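If you want the building blocks of each chain, they are given just below.
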Amino acid sequence: MTPERRRQLAWASYDWGNSAFATTVVAGLFPIFFEQYWASNLDSASRTFWLGVASSVSSLAVVMLAPLLGSIADRGGLKKRFLAVFTALGVLSTAAFYWVGQGEWLIATVLFTLGSIGFQAGTSFYDSLIVNVASDAQMDRVSALGYALGYLGGGLLFTLNVLMVLHPDWFGLANAASATQVSFVLVAIWWALFSLPLFLKVPEQRTRGNGVLGDVAAGLAQLRDTVRALSKLRPVWMFLFAYWLYIDGVDTIVRMAVDYGLALGFPSSSLITALLMVQFIGFPAAIAFGWIAGRLGTKRALYLALSVYIGVTAWAYLLQTVMQFYLMAAAIGLVQGGVQALSRSYYARLIPSDKSGEFFGFYNMLGKFAAVLGPLAVGFTKLLTGDARLSILVLVVFFVVGMLLLSRVQEPPERGFT
């Protein structure tokens, strides 16, 4: 294996590690354990409120911090250092769940907020480091590799954690509560362990700083100049608008799929099975989309994936059985990683490589605003029509308009990697 390929695998291994937080903590065990254990003494409305507060505060913090910290990191060659800080915050907060006792919902909420900030902010710096390991010609394949390993790594640990919770006696644990607490510790270990290759192998040129206050002042000045210059970078802002719309549709489907299945009367065990299907189908599918992009071009591969989402959205309107729900989950698994990976690599080719930290701060800031317009559109459509199935169809507009805006983006000439 060449040194270049080893650096790319080291970069992608971070996705394998931190995806455990997204699957086991965010999507899987935390909401259930919060309701049944930590916040069992609260009423349902209060539990929902505090979960919403935790998610909103963490996203707002990242929206405010990511572009500024990205510009500071670009000025001083500090992307890996910032990534280390936020990784440590996420890992330690997740491990600390083990010591939170029953009824201690406030501590659990604070830890979840801190862990989410670590995960989301760290992802921004991780994304920006792709320009350090891949040339323009390699970015689709390398970005796809990262998402593929994330699906596989997150899915494997989530499967183990689900088995631990369902069958704690198999693992010598007293009950499901103990198994859940141990699962959180395993997520922290997994995340920390598979982050190490990136910190050891991915290169970053350190530049002489001007002290903390000097770096902050320089970062603010660069951020101001970039915001002004963004109006002249038509391919960048046009892509960001397109991405905001179609990723809003993607995230809305992700957030609503389980609730939609429950509303149709499907058992929760079937919905968990569908979630696991998406994880494991997403692994080879993300790699395949890297290959498809190499043959068709990144933009055409994105058109293909978004067209499938349009079909899935129409399919959801006609959904009747659990088997159809499984097939829909399989279809989503085939394209979800492709949309995410190719969007990241396409954007990386559009931006100035020496300002990747800052520009990926904007990219991830829009990611945090995703699934805002989509749920509102779905909610208002249902309110006006009273038809839950019909309200899903409104998401087609997000994909179609996003594709139209994407078609207007012009790519710059290819370059190497820094």
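Described below are features of the structure shown in this document. (Residues numbered from 1 in each chain as written. Predicted model: local features only at pLDDT ≥ 70, side-chain atom pairs only at ≥ 80, totals over all residues. Heavy atoms only, no water.)

## Let's talk about the overall build of the protein
Keep this limit in mind: The helix count covers DSSP runs of H or I at least four residues long, the strand count covers runs of E at least two residues long, and both are numbered beginning at the N terminus. Two residues qualify as a contact provided that any one of their heavy atoms is within 4.5 Å of a heavy atom in the partner residue. The Shrake-Rupley method, run with a 1.4 Å probe, gives the accessible areas here. Residue values count only the displayed protein chains as cover.
Regarding its fold elements, the protein presents 15 helices and zero strands. In the protein, 83% of the contacts between residues at least 6 apart in sequence involve partners at least 24 apart. Taken as a whole, the protein presents about 17,900 Å² of accessible surface, with 68% of it coming from carbon and sulfur.

## Quick word on the side chain of Asp15
Test applied: For every residue, the accessible area obtained with a 1.4 Å probe (protein chains only) is divided by the maximum for its type, and the residue is called buried under 20%, exposed over 50%, and partly exposed between those limits.
Within the secondary structure layout, Asp15 lies in helix α1 (residues 3-38). According to the relative accessible area criterion, Asp15 is buried, its value standing at 7%. Contacts of Asp15, omitting those with residues within four sequence positions, involve Tyr126, Gly146, Tyr147, Gly150 and Arg344.

## Observations concerning the environment of Tyr309
Counting through the fold element by element, Tyr309 comes out in helix α10 (residues 298-318). Separated by 23 residues in sequence, Tyr309 and Ile332 have C-alpha atoms that sit 7.3 Å apart. Once residues lying within four places of it in the same chain are set aside, the contact partners of Tyr309 are Val250, Ile253, Ile332, Val335, Gln336, Val339 and Phe399.

## Considerations on the pattern of salt bridges
Two side chains carrying opposite charge are able to pair once their charged atoms lie near each other. Operational definition: In what follows, salt bridge is the name for a side-chain nitrogen of Lys or Arg lying within 4 Å of a carboxyl oxygen of Asp or Glu.
Throughout the structure, instances matching the rule amount to three salt bridges. Between Asp15 and Arg344 there is a salt bridge; the shortest N-O distance is 3.7 Å. Here Arg344 lies in helix α11 (residues 322-350) and Asp15 lies in helix α1, a separation of 329 residues in the sequence. With its nearest N and O atoms 3.2 Å apart, the salt bridge here joins Arg349 to Asp140. Of the two residues, Arg349 sits in helix α11 while Asp140 sits in helix α5 (residues 139-166), which places them 209 residues apart along the sequence. Residue Arg349 shares its accessibility class with Asp140, and that shared class is buried.

## Here's the deal with the environment of Trp190
Within the fold, Trp190 resides in helix α6 (residues 176-201). Sequence-wise, Trp190 and Trp16 are 174 residues apart; in three dimensions their C-alpha atoms are separated by 8.7 Å. Beyond its immediate chain neighbours, meaning those up to four positions away, Trp190 contacts Trp16, Gly17, Ala20, Gly153 and Leu157.

## Side note on a nonpolar patch on the surface
The cut-off we apply is this: Patch membership is restricted to residues that have no salt bridge and whose relative accessible area is over 30%. Joining uses 9 Å for like charges and 5 Å for the nonpolar side chains Val, Leu, Ile, Met, Phe, Trp and Tyr.
Together, Leu160, Leu163, Trp170 and Phe171 make up a nonpolar patch on the protein surface, roughly 380 Å² of accessible area in all. Mapped onto the secondary structure, Trp170 falls in the loop between α5 and α6. Given the relative accessible area of 56%, Trp170 is considered exposed.

## Description of the environment of Ala177
Mapped onto the secondary structure, Ala177 falls in helix α6. The spatial distance from the C-alpha of Ala177 to the C-alpha of Phe33 is 7.9 Å, given a sequence separation of 144 residues. Non-local contacts of Ala177, meaning those with residues more than four positions away in its chain, are made with Phe33 and Tyr37.

## Quick notes on α11
Basically, it comes down to this: A helix is expected to span 1.5 Å multiplied by its residue count minus one. A residue's bend is the angle separating two fitted axes: one through the seven residues that end there, the other through the seven that start there.
Taking 1.5 Å as the rise per residue, α11 with 29 residues should run 42 Å; its terminal C-alpha atoms sit 42 Å apart, in good agreement. Considering bend angle alone, the principal kink of α11 is centred on Val335 and spans about 25 degrees.

## Structural notes on the packing of aromatic side chains
The condition is simple: Two rings belonging to Phe, Tyr or Trp (six-membered ring only in the last case) form a pair when the distance between their centres is within 6.5 Å. Interplanar angles under 30 degrees mark stacking, angles over 60 mark edge-to-face geometry, and anything in between is tilted.
Scanning the entire structure with this criterion turns up 32 aromatic pairs. Consider the rings of Phe33 and Tyr37, whose centres lie 4.5 Å apart with planes at 15 degrees: the pair is stacked. With a gap of four residues between them, Phe33 and Tyr37 both fall in helix α1, about one helical turn apart. This pair shows no difference in class: Phe33 is buried, exactly as Tyr37 is. Linked through ring pairs, Phe30, Phe33, Phe34, Tyr37, Trp38, Phe97, Phe112 and Phe184 together constitute an aromatic cluster.

This is a description of form; function is not addressed.
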